[in-house]
Amino acid sequence: MRSVLFFLLIICVTAHSGDYKKLHKKSVVVDTHNDVLLRAMKGEDLAVRTTEGHSDIIRLREGGVDVQFFSVWCGGDFEKGRANKRANEMIDSLEALVKRSNGLAIQAHTYKEVERRIKEKKLVVLIGVE
C-alpha cells in the first residue's frame, strides 16, 4: 500500500512540478508527528520564531502546514505512575503554547473543527499520544 501511495505522490508531483508552490498552497498539509513539545517543556517559547530546532508556530505557518499533530510521548524510562503525569504536563504545555500563539494556532477536538479552522487559515493543533 505504501508503494502505491508513494507512486501516486510521485505522479502528482511530477505532473505539477512547475506549479509546486501552487499545488502546495491549494493542498491541505498535515504533519502527523512533531516531538517539539519536549523543547516547550524546557521553557522554550514555540509561539515565536525560535533559534533552536526546526519547528515553531511561525515557521509551521510560513511553510504552509495546516494541521500539526504534536506528539505526547513518555517512553519506557518513566517509573510506574509517572507516565500519566508527564503526558498531562506535555498536553498542558501544548495548551499554553496555543494560548500564546495570538490566534495563529487553534486546538481542535473534532473533524468539523479541523475543517472550520483550516478554512479560517489557522494552524490546527492536534495531540498524538504514543
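Before reading further, recall that the structure is shown in the block above.
Let me begin by describing the structure that accompanies this report. (Residues numbered from 1 in each chain as written. Predicted model: local features only at pLDDT ≥ 70, side-chain atom pairs only at ≥ 80, totals over all residues. Heavy atoms only, no water.)

Looking at helix 6 (residues 111-119)
For an α-helix, the turn length of 3.6 residues means that residues three or four places apart are oriented alike.
In step 1: Among all positions in helix 6, only E113, V114, R117 and I118 are buried. Angular distribution of buried residues about the axis of helix 6 spans 130°; they occupy a single face of the element. Exposed and oriented more than 90 degrees from the buried face of helix 6 are Y111, K112 and K119.
In step 2: Immediately downstream of helix 6, the backbone of K121 shows phi near 65°, a positive value. (Buried < 20%, exposed > 50% of the residue type's maximum accessible area, 1.4 Å probe, protein only. Helix = DSSP H or I, 4+ residues; strand = E, 2+ residues; numbered from the N terminus. Arc of directions from axis to C-beta.)

Comments concerning the pattern of salt bridges
In step 1: Applying the stated criterion across every chain, the model contains 8 salt bridges.
In step 2: R49 is the salt-bridge partner of E62, the closest N and O atoms lying 2.4 Å from each other. Here E62, found in helix 4 (residues 57-62), pairs with R49, found in the loop between helix 3 (37-41) and helix 4; they are 13 residues apart in sequence, far enough to count as distant.
In step 3: The exposed category is assigned to E62, whose relative accessible area is 54%.
In step 4: The exposure class of R49 is partly exposed, given its relative accessible area of 47%.
In step 5: A salt bridge links R116 to E120, with the shortest nitrogen-to-oxygen separation between them at 4.0 Å. (Salt bridge = Lys/Arg side-chain N within 4 Å of Asp/Glu carboxyl O.)

Structural notes on the sheet that holds strand 3 (residues 105-107)
In step 1: Strand order in this open sheet of 4 strands is 1-2-4-3, and the pairing throughout is parallel. Two strands in the sheet have a free side with no partner beyond their single neighbour: strand 1 (30-34) and strand 3. The sheet shows a mean angle of 30° between the axes of neighbouring strands, taken without regard to direction.
In step 2: Two strands pair when backbone bridges link them, and strand 1 and strand 2 (residues 67-72) are joined in this way by 3 bridges, in the parallel orientation. Each bridged residue has a counterpart across the sheet, and for D31 the counterpart in strand 2 is Q68.
In step 3: Together, strand 2, strand 3 and strand 4 (123-129) form the strand contacts of helix 6, whose direction differs from that of strand 4 by roughly 145°. (Pairing = 2+ DSSP bridges. Axes fitted to C-alpha atoms, helices over the stretch in contact; angles between N-to-C directions. Contact = heavy atoms within 4.5 Å.)

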